[in-house]
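Descriptive analysis of the structure
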Amino acid sequence: MLIRHAYRPHCMALAISVAFGHAGCAIAEQSTVPIDLPAEQRARLEALINDPATVRTPITKPETGADGIALKLGDDHDLVTVSRRGRFDGLVDGGGGNNALQLDTANGGELGESRNFDFLHIKRGQWTLTGADDFRDGAIVMNNATLTNHGSIVGQVSVDKRGTFRGNGQVGHLQVEGHLEVNALHGAPRVRGDLTLYKTAELAYEVNPDGRSETIKVDGTARLGDATLKIVAVTGEYPVTSQYSVIEAGRIEGEFGKVRNDLAFLTPTLQYNEKTVGLTFVRNDVEIESVAISANGREFAQNISQTEEIPSVQVPPDAINSINAPSPLPVTETSVTAAAPTTVLDTSVTAPVPTVQPSAETSLAPPATQASGTAQTPSPVSRPTVASFKPAQVTNAAIAALMGANKTTAARALEQLAGGSNANLGNATLTSVNPVSTSMLSAMRQLDSTQLIYSKGSPRLTADGENNGRVWLQALGNGGTLDRGQGSSALRHATKGLVLGADWTVDEQWRLGVIGGKSRTRLDANQLDGNLESVHLGAYALRQSGPLAIRLGATHSSHDGSSKRRVAFNGFSDRLKGNYDASTRQAFAELGYNLGTGNLSAEPFANLGYQRYQRDGYTEKGGPAALQVEGQTQDNIGSTFGLRLARLNTLDNGMRLTPSFSAGWKHIYGDIDSRTRQKLKTGSRSFTVRGTALDRDSLSLDAALELSLSPRHTLGVGYNGEVGSDSRSHGVTGQWRMAF
């Protein structure tokens, strides 16, 4: 049978001392009572559970009772086990004897007021305790169980290796082999006795960008035991330097063995004092561009600038500083090398924060050196005078959020802030106007009159007869992708529009025409949406001399563009809008020679083309991530060599059906890169972003099917496409033509 003293030794000492008028001696005796090892505490609990005299009371459903008492037990030793759907709606009273309350439900729950229990055993599930002043022999949190304490536990709390303890409630002693969480949601524990962290323990400590954090309060000794400190950084805009108080205790023993930190550009430094453990975040030597995953991200990172002045600061030693600050810890999990704890009390210390001279523009490059703390002569004053602390702050909120990001988030942030898709606007616009030139070429290739019949008997491809004039209308649909191989940076475009044209015969060999049109292009990329309203004007000419055809054309297009971007990372969010004006000019000359006979046409052709894109500079409207985008000009010269085939078929009803197909090799000469200069409105110098380079070589395809309903009216549908290594575009057309 379990043997238990009616009074614990320190309680007996207190009673005797009070009886003899020596309460002060009794209090001293109480503070030095040894703490049970977790294994010893578990052994005492198991002895009670396995004692044949212990009465087992299972709770598998909600328990309620009169006067707010859900369960009241007698004077036997009791083990109350809550499982399945069990819970207490009211006070649970263990009565006399030695009693344990065991919580064993997978879904967990909440435990309110309780009385006269020695042990609380969290076997599994996530449980929240709100009751106060019970469990004289403490609580045990088993593996895969969680206890959130918002009440108070009189005795010692032991946390197994895979158990979790959190909450702002009070405990007698706290021994952690598993996880201890401190954050703004649950708070930090208040330990009336000692805190012991074992080497297997992990303290997950939350820090906030504004410098707020919870502090573990320990009346006795806090033993760190080479445990792991895991820093949980709340998303937001972190200053270049920030400080936090982790533990305040009657005495600090030992150090943390490892620190885990996900922040890419801020390194935690621990300060150990006799009674405090402090944490300082400072800018480390990691280059911002080192986390970039693209050339645009690196270019942006290299041109970040402008931070506020970093003043010299003095911080109270009992809050966070030691006599000598340790070297900053690496970003990855590392062993901590800190200054040895000092025994000097109430010492004024100069904080190890670098002083930066005021400058109009200060780079965010890592500091070259770091000043060490300087210890002052011990002072008998109980509390030193401390200068107010103002952390160095990045002037641009977007850059501040970047500085407080982990490596993965920082890489994504650099891509968003760089705005690399702006460099693709030129190529996307040029691609959207290509169908206009294609429409003119298509109209000239379909031209037919009596003078197009030459001695070789080449087919008449239309049925316009002796008519000298035509008017035609073509509906355009075109879409494609730029930068297919770059995933999230790919820019997708889709164009819809109408082109109206008319042409007439000048003499036996020449024919002239004009066009006008309107189109709308939708641009879509990761974090970017855009629209392009375009108006097109152009002229074309055809010279037909026997089988030889010369086709000339030129267009001018004006564009009213708008863009919307969203930049969102690490708690920062900004919606940006841009409006700009642009223009494109195109000119081409094509030479073709028809080798066909009978109803079959086979025409080799050579085409030389010129394109020019010009965009005005503009400034995005929005917050800190807004860009000032400089103007862009782009010129391209290209050639296409290919073969065009067509066949004229006369149907039984007299209509004529003409299918055609062409394929060509397109080559671009000179510079094929697309680039633009831009900068943040505040916080960066100008930088260059590069878009998708034009495909040096690509395959051009064109297919059409025409039906001549009568000598004057013709309907047709067509397909055109261009396929390259990085980009593709495809379009469909529908056409109506009337001769007069």
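The structure this text deals with has already been given above.
Here is a short report on the structure shown in this document.

Conventions we followed
Residues numbered from 1 in each chain as written. Predicted model: local features only at pLDDT ≥ 70, side-chain atom pairs only at ≥ 80, totals over all residues. Heavy atoms only, no water. Helix = DSSP H or I, 4+ residues; strand = E, 2+ residues; numbered from the N terminus. Buried < 20%, exposed > 50% of the residue type's maximum accessible area, 1.4 Å probe, protein only. Areas by Shrake-Rupley, 256 points an atom, 1.4 Å probe, with all protein chains shown as cover. Pairing = 2+ DSSP bridges. Expected span 1.5 Å × (residues − 1). Contact = heavy atoms within 4.5 Å. Polar contact = N/O pair within 3.5 Å; in protein donor to acceptor, adjacent residues only side chain to side chain. Arc of directions from axis to C-beta. Core = buried A, V, L, I, M, F, W, Y, C linked by side-chain atoms within 4.5 Å. Patch = residues over 30% accessible without salt bridge, like charges linked within 9 Å, V, L, I, M, F, W, Y side chains within 5 Å. Salt bridge = Lys/Arg side-chain N within 4 Å of Asp/Glu carboxyl O. Phe/Tyr/Trp six-rings, centres within 6.5 Å; stacked < 30°, edge-to-face > 60°. Lys NZ or Arg CZ within 6 Å of the ring centre and 35° of its normal.

1. Describing the overall build of the chain
Summing up its helical and strand segments, the chain has 7 helices and 43 strands in all. By the burial criterion, 51% of the 740 residues in the chain qualify as buried. When the accessible surface of the chain is split by element, carbon and sulfur atoms take 53% of a total near 32000 Å².

2. Focus on the sheet that holds strand β40 (residues 687–690)
Across the sheet, which stays open at both edges, the 4 strands sit in the order β34-β35-β39-β40 with antiparallel pairing between neighbours. One side of each edge strand has no neighbouring strand; the edge strands of this open sheet are β34 (618–619) and β40.

3. Quick notes on helix α6 (residues 407–418)
An α-helix turns once per 3.6 residues; consequently, residues spaced three or four apart project the same way. For α6, which comprises 12 residues, the first-to-last C-alpha distance of 16 Å matches the rise-based estimate of 16 Å (1.5 Å per residue) to within 8%. Of all the residues in α6, the buried ones are Thr409, Ala410, Ala411, Ala413, Leu414, Gln416, Leu417 and Ala418. Of the surrounding secondary structure, the elements contacted by the buried residues of α6 are α4 (295–301), α5 (397–403), β31 (548–569), β35 (627–629), β39 (675–680) and β40. Near the N-terminus of α6, the side chain that reaches the backbone nitrogen of threonine 408, with its oxygen 3.2 Å away, is that of asparagine 406. Two residues or fewer past α6, glycine 419 is found with a positive phi of approximately 60°.

4. Topic: the sheet that holds strand β9 (residues 114–115)
Here 3 strands make up an open sheet; going across it, the order is β3-β6-β9 and the pairing parallel. With partners counted over all chains shown, the strands left at the sheet margins are β3 (69–72) and β9, one partner each. Where β3 and strand β6 (residues 91–93) come together, 3 bridges link them in parallel fashion. Directly across from lysine 72, in β6, lies its bridge partner aspartate 93.

5. Observations regarding helix α3 (residues 38–50)
For α3, spanning 13 residues, the distance from its first C-alpha to its last is 18 Å, which sits close to the expected 18 Å at 1.5 Å a residue. All buried positions along α3 are accounted for by Pro38, Gln41, Leu45, Leu48 and Ile49. Down the axis of α3, the buried set is contained in an arc of 100°. They therefore lie on one face.

6. Some details on the side chain of asparagine 636
Mapped onto the elements, asparagine 636 comes out in strand β36 (residues 632–647). The exposure class assigned to asparagine 636 is buried, which follows from its relative accessible area of 3%. Those residues in contact with asparagine 636 that sit more than four places away from it in its chain are Leu430, Gly609, Tyr610, Gln611, Asp671 and Leu694.

7. Some thoughts on the nonpolar core
Within the largest apolar cluster, 60 residues are counted, with the highest numbers of intra-cluster contacts made by Phe88, Leu101, Leu120, Leu174, Ile247 and Phe256. Among the elements that make up this core, the one with the highest residue count is strand β22 (residues 241–253) (5 residues). When residues no more than four places from it in sequence are discounted, the contact partners of leucine 120 are Leu101, Leu103, Leu111, Leu129, Phe135, Gly138, Ala139, Ile140 and Leu147. Core analysis: the second largest hydrophobic core is formed by 46 residues, Phe265, Val291, Ala401 and Ala582 among them.

8. Remarks on the pairing of strand β13 (residues 152–159)
Across the 8 residues of β13, 7 count as buried, placing the element largely inside the fold. Here strand β11 (residues 139–141) runs beside β13; their pairing, made up of 3 bridges, is parallel. Of the residues in β13, the one forming a bridge with isoleucine 140 is serine 158. Pairing analysis gives 6 bridges linking β13 to strand β15 (residues 170–176), with the strands arranged parallel. Residue pairing in the sheet places isoleucine 153 in a bridge with valine 171 of β15.

9. What to know about unusual backbone geometry
One non-glycine residue, aspartate 133, lies in positive phi territory at about 60°. Position of aspartate 133 relative to the elements: it lies in the loop between β10 (119–129) and β11. With a relative accessible area of 57%, aspartate 133 lands in the exposed category. Notably, asparagine 144 is not glycine yet its phi reads approximately 65°, a positive angle. Assignment of secondary structure puts asparagine 144 in the loop between β11 and β12 (145–149). On the basis of relative accessible area, asparagine 144 is assigned to the exposed category, the value being 58%.

10. Quick word on a nonpolar patch on the surface
A surface patch of nonpolar side chains, amounting to about 500 Å² of accessible area, comprises Leu473, Leu498, Leu500, Leu709, Leu715 and Trp736. Examined against the element boundaries, leucine 473 turns out to sit in strand β27 (residues 469–482).

11. Section: the environment of leucine 45
Relative to the helices and strands, leucine 45 is located in helix α3. On a C-alpha basis, the gap between leucine 45 and leucine 120 in space is 9.2 Å, while along the polypeptide they are 75 residues apart.

12. Let's talk about the pattern of salt bridges
In the structure shown here, the tally under the stated rule is 36 salt bridges. Arginine 87 is paired through a salt bridge with aspartate 89; the nearest N and O atoms lie 3.0 Å apart. A relative accessible area of 43% means that arginine 87 is categorised as partly exposed. Taking the relative accessible area as the measure of exposure, aspartate 89 reaches 34% and is therefore partly exposed. Here arginine 166 and glutamate 181 are joined by a salt bridge, their closest N and O atoms 3.2 Å apart. In this pair, arginine 166 sits in strand β14 (residues 164–166) while glutamate 181 sits in strand β16 (residues 179–182), placing the two residues 15 residues apart along the sequence.

13. A few points about the pairing of strand β20 (residues 216–223)
Sheet topology note: the strand β17 (residues 190–191)/β20 ladder contains 2 bridges and is parallel. Note on β20: the bridge partner recorded for valine 191 is valine 218. Pairing of strand β18 (residues 195–197) with β20, which is carried by 2 bridges, proceeds in the parallel orientation. For leucine 195, the partnering residue across the bridge sits in β20 and is alanine 222. Examined bridge by bridge, β20 and β22 share 6 bridges and lie parallel to one another. For alanine 222, the partnering residue across the bridge sits in β22 and is isoleucine 252.

14. Observations regarding the packing of aromatic side chains
The geometry of an aromatic ring pair comes down to the distance between the two centres and the angle between the two planes. One pass over the structure, following the stated rule, counts 6 aromatic pairs. Ring geometry for phenylalanine 117 against phenylalanine 135: centres 6.3 Å apart, planes inclined by 35°, an arrangement best described as tilted. Highlighted residues: phenylalanine 117 in the loop between β9 and β10 and phenylalanine 135 in the loop between β10 and β11, separated in sequence by 18 residues. Comparing phenylalanine 117 with phenylalanine 135, the two get one shared label, buried. Ring plane angle 85° and centroid distance 6.2 Å describe the contact between tyrosine 244 and phenylalanine 281, whose orientation is recorded as edge-to-face. Of this pair, tyrosine 244 sits in strand β22 while phenylalanine 281 sits in strand β25 (residues 276–283); the two residues are 37 residues apart in sequence, bridging distant segments of the chain. Each member of the pair, tyrosine 244 together with phenylalanine 281, is buried. Over the face of the ring belonging to phenylalanine 605 we find arginine 445, whose NZ or CZ atom lies 5.8 Å from the ring centre. The ring of phenylalanine 605 has arginine 644 lying over it, and the distance from NZ or CZ to the ring centre is 4.3 Å.

15. Examining the environment of alanine 292
Its location among the elements puts alanine 292 in the loop between β25 and α4. By relative accessible area, which is 11% here, alanine 292 ends up buried. Along the primary structure alanine 292 and alanine 410 are separated by 118 residues, whereas in three dimensions their C-alpha atoms are 7.7 Å apart. Once residues within four sequence positions are removed from consideration, alanine 292 is found in contact with Gly297, Arg298 and Leu414.

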